[in-house]
Amino acid sequence: MEKKPLDRRTFLTYLGTGATALAAATSGLGALTETANAQSDSLMRMKPRKQGFKFHPIAPTDKDDLVLPKGYKYEVIASFGDVINQKGDTFGFNNDFTMYFPINESSEHGLLWVNHEYTNPLYVEGEKVNGKYTAAQIEKMLYNQGGSIIEVKVKNGKWMMETNSEYARRVTGLTPFALTGPAAGTSSVSGATTAQGTFANCSGGRTLWNTVMSCEENFETTSKDAGLDQTHYGWVIEVDPFDPNFKVRKHTALGRFNHENASMGLSKDGRVVVYMGDDKKDACVYKFVSKGKYVEAKGKENSKLLEEGTLYAADLAKGKWVALTIEAVREKAAGNAALLEKFKTQGDVVVNAHDAAILLGATPTDRPEDVEISPLDQTVFIAHTNNDKHGNIHGHITRFFEKGGDHGAEYFDFEIFAAGGRQSGFSAPDNLTFDSNANLWTVTDISSSKLNSEAWTSFGNNGMFMIPTVGPDKGVAFQFASAPVEAELTGPSFTPNEKSLFLSIQHPGEETQDKANPTSTWPQVRGGNMPRPSVVAITGFKF
């Protein structure tokens, strides 16, 4: 029988026979099992739902709203400037990554960690005075970056923020951090063992011991404007949302670069593995493998595993993970006085991770952003957003297959899982997440200045797409959401029962020049017409 052409606009997306498809796909891989960490997080294999994620895909649109399929709705939980606790702390600007932490295993009551990536002087700190920011402006700029911990709960059928929360607090560009790992206390970070604050927080991940990893991405401008040591930024940080006494820390063993996210898994021999992307053009894909082994009973003491291990970068041509060690770097730099001066210790290697990776033969790629581990088969998916230097203006999603299915392996193979462009309906894939039916969800990051113009005309506003990874529609993208004008959808994360999806709407109206005439007025909260970055909860998923 001839297969009918697939119509992305009208097809009733499922993975309708998801359980059957997954059972077939996992033949030989072992049974899928539910675990305590089976919430939309890709640490462990998850049991598929009996039914799939059903929706009529939407068409691209330039509407100034968060547009969803019929039967789905959203509620704004927190917007820039909202008070989050009794202390009076306020929700930061340009929210990005979200991670839901259940309270008492509930899918209707928990903590939500939210990243805050950068500010806009039009709405936050104000323009520079004589080419510089004042101390008060710097404080505003740093306070409104970092992260927010908010308590969220379903009340009368609606998600709401609990402002009387005992947990809610801010972690900002003003918060003291400990430095761990090979760079701490060395000349590579000016002898520092602590650093002031975190900012440029893009995406992140969950640890096996239920803390959050948040990633510092484009830190250069803020650190320069604030007069801070740039070597103290560009790291993966760790925070325990439930425990303010857990010392917030920056793990230098995981390397310093423009971190997008961090996705944690285990090697077959029990070591912790963290996959990471470096969000810039011609940058590399990394993984860290701990020296010690994970012991569940040790709980948060396992954090020490992120202080010692081996940092690798991917050589795609050889299918090999290249170890970034001081011995290898100095051997390669032999005879080059400048490089030998630059790289004297392992601290120098992790501080200058990109330069070390390129020197040792790792492959420069097209803006590797989010990296996630599939809960189905433990393959690794990487969003390569785009790279106009090489004509890759719509980006693609790469899939790594570690040798023997082992995250600790030295060798891997890879494929292009899906490519952006007119044929797929999406451009510039960015953040990724999985559901328990092995569907890959991606949000897009078309530059605000390019939206609805030139080669990007057909895509409309930025969107969110579901891409099955098994079954007859493997690799086909179905549009689930469309962002408000000039906004980017970021940080998708499901509740454990997958009936709610948290999503950040970042920089609506980003191209606004005059506050009196904003290009977007979303979400129209608290009166006025200011576009406010916000986190929403999307409901309507039925099983």
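Residues numbered from 1 in each chain as written. Predicted model: local features only at pLDDT ≥ 70, side-chain atom pairs only at ≥ 80, totals over all residues. Heavy atoms only, no water.

A. Main features of the overall build of the protein chain. Secondary structure summary: the protein chain contains seven helices and 30 strands in total. A compact globule built from 543 residues should have a C-alpha radius of gyration of about 24 Å, and the protein chain, at 22 Å, falls within 12% of that. A buried classification covers 61% of the 543 residues belonging to the protein chain. Contacts in the protein chain between residues far apart in sequence, at least 24 positions, make up 62% of those at least 6 positions apart. Put simply, the protein chain shows about 20,700 Å² of open surface, and 49% of that area lies on carbon and sulfur atoms. Of the side chains in the protein chain, 55 bear a positive and 65 a negative charge, and the two mean positions are spaced by 3 Å. (Helix = DSSP H or I, 4+ residues; strand = E, 2+ residues; numbered from the N terminus. Rg over C-alpha atoms; globule rule 2.2 N^0.38 Å. Buried < 20%, exposed > 50% of the residue type's maximum accessible area, 1.4 Å probe, protein only. Contact = heavy atoms within 4.5 Å. Areas by Shrake-Rupley, 256 points an atom, 1.4 Å probe, with all protein chains shown as cover. Lys, Arg positive; Asp, Glu negative; His and termini not counted. Charge placed at Lys NZ, Arg CZ, Asp CG, Glu CD.)

B. Geometry of helix 2 (residues 135-143). Where helix 2 is concerned, the buried positions are Q137, I138, M141 and L142. Across the axial projection of helix 2, the buried residues extend over an arc of 130 degrees, all falling on one side. Packed against the buried residues of helix 2 are strand 8 (194-196) and helix 3 (220-225). (Arc of directions from axis to C-beta.)

C. Structural view of the packing of aromatic side chains. Evaluated as defined, the whole model comprises 31 aromatic pairs. Arranged with centres 5.3 Å apart and planes meeting at 70 degrees, the rings of F381 and F434 form a pair that is edge-to-face. Of this pair, F381 sits in strand 21 (residues 380-384) while F434 sits in strand 24 (residues 429-434); the two residues are 53 residues apart in sequence, bridging distant segments of the chain. We note that F381, like F434, is buried. (Phe/Tyr/Trp six-rings, centres within 6.5 Å; stacked < 30°, edge-to-face > 60°.)

D. Main features of the pairing of strand 3 (residues 109-116). Within strand 3, eight of the eight residues are buried, which leaves the element mostly enclosed by the surrounding structure. By the bridge criterion, six bridges tie strand 2 (residues 95-102) to strand 3 in an arrangement that is antiparallel. Looking at the pairing, M99 lines up with W113 of strand 3. The turn linking strand 2 back onto strand 3 is made up of six residues, and N104 within it adopts a positive phi angle of 55 degrees. Examined bridge by bridge, strand 3 and strand 4 (residues 146-155) share eight bridges and lie antiparallel to one another. (Pairing = 2+ DSSP bridges.)

E. Representation of the sheet that holds strand 24 within the structure. If you walk across this open sheet you meet the four strands as 24-25-26-27, and the pairing is antiparallel. The open sheet has two edge strands with one neighbour each: strand 24 and strand 27 (478-482). Across this sheet, the average inter-strand angle for adjacent strands is 25 degrees, counted without regard to direction. Direction of pairing for strand 26 (residues 463-468) relative to strand 27: antiparallel, over a ladder of four bridges. Residue M466 lies in a different strand from strand 27, and its bridge partner there is F478. (Axes fitted to C-alpha atoms, helices over the stretch in contact; angles between N-to-C directions.)

F. Region of interest: the sheet that holds strand 28 (residues 488-494). Taken in spatial order, the four strands of this open sheet run 1-30-29-28, and their pairing is antiparallel. The open sheet has two edge strands, strand 1 (73-79) and strand 28, and neither has a second partner. Pairs of neighbouring strands in the sheet enclose a mean axial angle of 25 degrees, with direction left out of account. Across six bridges, strand 29 (residues 500-506) lies against strand 30 (residues 534-539) in antiparallel orientation. The residue of strand 30 that forms the bridge with S500 is T539.

G. Spatial organisation of the side chain of R170. Along the chain, R170 turns up in strand 6 (residues 169-171). For the buried R170, no salt bridge exists, and the shortest N-O distance to an oppositely charged side chain is 6.4 Å, to D89. A polar side-chain atom of R170 sits 2.8 Å from the main-chain carbonyl oxygen of G147. Of the polar contacts made by the side chain of R170, one reaches the side chain of S148; its length is 3.2 Å. Setting aside its immediate chain neighbours within four residues, R170 contacts I84, D89, T90, F91, G92, H116, Y143, N144, Q145, G147, S148 and T175. (Salt bridge = Lys/Arg side-chain N within 4 Å of Asp/Glu carboxyl O. Polar contact = N/O pair within 3.5 Å; in protein donor to acceptor, adjacent residues only side chain to side chain.)

H. Representation of the pairing of strand 5 (residues 158-161) in the model. What you see with strand 5 is a clean split: W159 and M161 sit on the buried side and K158 and M160 on the side with no burial. Here strand 4 runs beside strand 5; their pairing, made up of four bridges, is antiparallel. By the bridge assignment, K153 is partnered in strand 5 with M160.

I. Inspection of the pattern of salt bridges at higher detail. If you walk through the whole model with that rule in mind, you get 22 salt bridges. Between K389 and D282 there is a salt bridge, with its nearest N and O atoms 2.7 Å apart. You can see K389 sitting in the loop between strand 21 and strand 22 (396-402) and its partner D282 sitting in strand 15 (residues 281-283), a full 107 residues away along the chain. Judged by its relative accessible area of 54%, K389 is exposed.

J. Focus on the nonpolar core. If you look at the biggest cluster of nonpolar residues, it comprises 32 residues, and the most contacted ones within it are V272, V274, M276 and Y286. Contact partners of V272, with chain neighbours within four places excluded, come to L208, W209, M264, G265, L266, F288, V289, S290, G292, Y294, L305 and L306. Counting residues in each nonpolar core, the second largest holds 23 residues, with F55, L68, M464 and I538 among its members. (Core = buried A, V, L, I, M, F, W, Y, C linked by side-chain atoms within 4.5 Å.)

K. Main features of the side chain of N144. Its location among the elements puts N144 in the loop between helix 2 and strand 4. The buried category is assigned to N144, whose relative accessible area is 7%. With residues near it in sequence (within four places) discarded, N144 still touches F80, F91, G92, F93, H116, T119, V124 and R170.

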